[in-house]
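Structural characterization, general
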Amino acid sequence: MDAGPADAPRTDAAGDAAVPADVQSVGCAMPLGSITLPGTVAPINGITRGASTIASSTCQPNTGGAENVYRLTVTSTTGVIIDTDNPATTFDTVLSIRRTCGDVATSVACDDDGGSTPGNSSVVRTALAPGDYSVIVDGFSSNAGSYVLRARTYEVSANALCASATPLTAAAPVTAQDITRSGGPSTTCVTNGAGQLFYSFTLPANSQATIRATPTGTTPAWTPVVRALDSCAATTCVANATGTSGAVATLALANTSAAPRTFTLSVSATSATATGTFDLSAAVTTVVPTSVCDAAAVLVNGATAVTGNTTTGTARATRCNTTDASNEVFYSVTVPAGQRVSVRAQPQSGGTWRPRVRAAVNCAATTCQGTPALATTDGGEAALNLDNPTQIPRTLIVSVTATTGTGGAFTLASTAAPLSPARTPYYTLSPITGACDDVASGATVAPTGGWTDDSTSAIAALPWTFQFFATPATHFSVASNGFAQLWPSMTGTPSDEFGNVTIPTAGVPNNFVAPFWDDLSPVNAATSLVRTLSIGVAPARRFVIEWTNWQSVSGASSERLTFQAKLFETTGVIELHYCTINPVNVRNTGSLATVGVEDSTGMRGNLVGFEFPGSVATATAFRLTPPTPVP
C-alpha cells in the first residue's frame, strides 16, 4: 500500500510486463482484461489501434483515438492510482475510470497529461467504493500506439468518499486529518486536482458558522481549501475559501431559514502533491446581518444611506483582492433593466481607513463581477458602478472591506439612473415557463462537411415568411456558436463568429436570433446536432431550431447544452428555450454568452443576457413580442 501523493516515485513489485498482444481495439464491447484491487497488479503492456468507439471524456473532449478497456473490480474501499506514466508509452494517452463504460456521465476520474511526461502520460488518483468499474485507455485526437498501464492502491481515510462523510459539530471538532489519505479531486469549484476529505455539518436555524481548516504539524507548507455543498450530488458549491501557505482557510456559512440546514464540506490542498495534517472546527452563533453573504442586507436604490461596520464580518474576502486587511460585510442590490446603479461606501467621520467595494453574482460565486472600486485616499469614498444593459433586472451581492487596518463604521448608499444612451428595445420581453418542443422527427441541418468548431450551415428556406423586425424573412442559416440568422432571400454570407458581443452592434453578425451565442463546439459528429421542425398548422405554426448536445469550446465532453429558438407564424413572436444545461455552472448559464435578437442593420435589438452567470435556466424561457400585430 502506498499512502504517498499521486506523483510519488513508483515501484512495481511484479516487474516488467509481458510483450503486448497486437489486437484490434474494440472498446467497451470487449474488455481486454481484468484488474482487481486491492491486490498486486503486474504492469500491463498494450497497443491501441483501429477505430475509436469512445469519442470523448470528461477531461478531454477530443478522444478520437482507438481505446482499450479493462474491467476493474474493487473489493473494498481503497484509494487507487492508475497511470500510463512510463517511457514505453509512445502516444498521448487519456485515462479514465467509469462506472458504466459507454456512459461519460458515470466518470469518477479522468486525466490527460498528468504524468511526469505530460505529452504522453496520464495519472488518475481517487478513492473508490467496492464495485465494478471500467478503466479506459484512450488517445487524444487520433493518437494511438503502445502504452504501459499500472494500477496500485493507497490507504484512504473513511471520509475520502463523500457518502462516508465524517460528522462535524461545533462541540466536536475533528483533528489530525491526513490530507494524503484523501480521495478524488473536486469537480464543483476550486478544481485544482487535489484530493478531498468530506464532512457533514448541520447548521441550526437562524444561525451562522465559521468553518476553519487549520494545517498542523511542524511548519506546514501547504495551502488548505474548504468547500461547502448542498449534497454529494451537487454540481456547484454553496461557498468556498482558500487559505495561504501553512495558514487557516476560513469559510463563512449562514442559515437564515426556520429549519436546520445540512451542508457537505470538503477539504483539500491547492496542490495534488501536498502532504500534511489539519484540524477542522466550526463556531456557531446567531445570524448577524451583513456578517456573512447569506445574511446580506438589502440596499434600496435612492434610499437614505445605511450604516455598517467591517468589524461585524466573520472572514476575509475570498473572491478577489484577498489581501485586504479587514473582514468582509455583505449587502444585496438590484440593478434595474437598462440602468446603472452606483454603490458608494464612505468611512464615517474620523475614519482614516480606505474602503473597497466589490460585487459578485451571488454567494456561490468564486470570482468578483467586474473590477472592484477602491477609495483613492484614506477616509475617502469608494464608488462602484454596476451596469445592466439587458432587459432583465439583476440582483448582485456587494461587499465592503478595508484595505488597511480593521476598518470600522461606514455609510453605504446606492442610486440608479438610466444608461446613456438609453436602450430602446424593439420587442417586448416576457419571461415564461420553459417548455422545449420534441424535434426528434425534424430535419437535421449541417454544413457540407458536418459540424465543427466555428462552422455554419448554408442558407435554406423557411417554411413560411416570418416577420423579423417588421421585415419579411424567407430563409435562415444556423451557426455552431448558438445563433441563427434570418435572410430576405437565398443571398447572404452566414457568419460563424465565435466572439460574442453586446446587442445591438453594427459589426457582423446581424439579423440574428441568439438563444445562446458563445464559443461552442460539437461534442462529436454523432452526438451534437442541429434539428429544425415546423409544428402546427397554418396560420398558427411555429418553426423550431434546436441545438442538441453542444458544449463550450473549453468545456468537458460530459457537458450537454440543448436549447431552442422558436419562430411563430402570424404573430411574429420569438421564444428562446433551454432544454438541458449540464452541468449548471457559470459558463453554461451565460457568463460568456449573448442572448437576444438583432436586426439586419445592427442598429436595433433586444439584449436579454450578456456575459452574466445565471442568465439562462431550464425552468425559464423568454418570449419576444413585436410592438404591433404583424399582417
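Residues numbered from 1 in each chain as written. Predicted model: local features only at pLDDT ≥ 70, side-chain atom pairs only at ≥ 80, totals over all residues. Heavy atoms only, no water.

**Quick look at the side chain of Ser-615**
- Structurally, the position occupied by Ser-615 is in the loop between β40 (605–610) and β41 (620–625).
- What makes Ser-615 buried here is its relative accessible area of 9%.
- A distance of 2.6 Å separates the side chain of Ser-615 from the backbone oxygen of Phe-612, its partner in a polar contact.
- Sequence-distant contacts of Ser-615, defined by excluding residues within four places in its chain, comprise Arg-394, Thr-589, Gly-609, Phe-610 and Phe-622. (Helix = DSSP H or I, 4+ residues; strand = E, 2+ residues; numbered from the N terminus. Buried < 20%, exposed > 50% of the residue type's maximum accessible area, 1.4 Å probe, protein only. Polar contact = N/O pair within 3.5 Å; in protein donor to acceptor, adjacent residues only side chain to side chain. Contact = heavy atoms within 4.5 Å.)

**Focus on the nonpolar core**
- Phe-468, Val-513, Trp-547 and Ile-574 are the most contacted members of the largest nonpolar core, which totals 39 residues.
- Residues within four places of Phe-468 in sequence aside, it is in contact with Tyr-427, Ala-473, Leu-486, Asn-511, Phe-512, Val-513, Ile-574, Val-597 and Glu-598.
- Membership of the second largest hydrophobic core comes to 34 residues, among which are Tyr-199, Trp-222, Leu-253 and Ala-269. (Core = buried A, V, L, I, M, F, W, Y, C linked by side-chain atoms within 4.5 Å.)

**A word on unusual backbone geometry**
- A cis amide bond links Leu-37 to the next residue, Pro-38, at an omega of -5 degrees.
- Pro-539 follows Ala-538 through a cis peptide bond whose omega is 5 degrees.
- Inspection of the secondary structure puts Pro-539 in the loop between β35 (529–535) and β36 (542–552).
- For Thr-570, which is not a glycine, the phi torsion comes out positive at approximately 70 degrees.
- For Thr-570, the position within the fold is in the loop between β37 (560–568) and β38 (574–582).

**Observations regarding the packing of aromatic side chains**
- Scanning the entire structure with this criterion turns up 17 aromatic pairs.
- For the pair Tyr-331 and Phe-410, a centre-to-centre distance of 6.3 Å together with 80 degrees between the ring planes defines the contact as edge-to-face. Linking Tyr-331 in strand β21 (residues 329–335) with Phe-410 in strand β27 (residues 409–418), this pair joins segments that are 79 residues apart in sequence.
- A relative accessible area of 3% means that Tyr-331 is categorised as buried.
- Taking relative accessible area as the criterion, Phe-410 reaches 0% and is therefore assigned buried.
- Look at Tyr-426 and Phe-469: their rings are 5.0 Å apart centre to centre, the planes differ by 35 degrees, and that puts the pair in the tilted class. Separated by 43 residues along the polypeptide, Tyr-426 in the loop between β27 and β28 (428–433) and Phe-469 in the loop between β30 (460–468) and β31 (471–478) bring together distant segments of the chain.
- Among the residues examined, Phe-469 registers a relative accessible area of 2% and is labelled buried.
- Three or more aromatic residues joined by ring pairs form one cluster here, namely Tyr-426, Tyr-427, Phe-468 and Phe-469.
- The ring of Tyr-154 has Arg-125 lying over it, and the distance from NZ or CZ to the ring centre is 3.9 Å.
- Just above the ring of Tyr-426 sits the side chain of Arg-604; from NZ or CZ to the centre is 4.9 Å. (Phe/Tyr/Trp six-rings, centres within 6.5 Å; stacked < 30°, edge-to-face > 60°. Lys NZ or Arg CZ within 6 Å of the ring centre and 35° of its normal.)

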